[in-house]
Amino acid sequence: MAPTRSARRGKYNYSEGTLTGIKCTYCSMKFKAQGIKKHETSCKKLLETEEERQRFNRDYERGK
């Protein structure tokens, strides 16, 4: 019987360095080093979408 996936992978080391986290440059929330890159990508896209929506709303209101 082959070992399960979790048995092959070692447990994650929750050291003090990983628990403190890295701040997102867009929302200032703290994330582990493993997740900050993915979060910043989605956070940036969310902010850009929100800014674009606000710009379109302003342009729409001016057109009335």
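Residues numbered from 1 in each chain as written. Predicted model: local features only at pLDDT ≥ 70, side-chain atom pairs only at ≥ 80, totals over all residues. Heavy atoms only, no water.

A. Molecular detail of the overall build of the protein. Along the backbone of the protein there are three helices and two strands. For the protein, the succession of helices and strands along the chain, N to C, is α-α-β-β-α. Counting the 64 residues in the protein, one finds 8% classified as buried. When the accessible surface of the protein is totalled, it reaches about 6100 Å², and 54% of it is carbon and sulfur. (Helix = DSSP H or I, 4+ residues; strand = E, 2+ residues; numbered from the N terminus. Buried < 20%, exposed > 50% of the residue type's maximum accessible area, 1.4 Å probe, protein only. Areas by Shrake-Rupley, 256 points an atom, 1.4 Å probe, with all protein chains shown as cover.)

B. Representation of the side chain of His39. Mapped onto the secondary structure, His39 falls in helix α3 (residues 36–63). Given the relative accessible area of 17%, His39 is considered buried. Ignoring sequence-local partners within four residues, the contact set of His39 consists of Cys24, Cys27 and Phe31. (Contact = heavy atoms within 4.5 Å.)

Read these as spatial facts, not as claims about activity.
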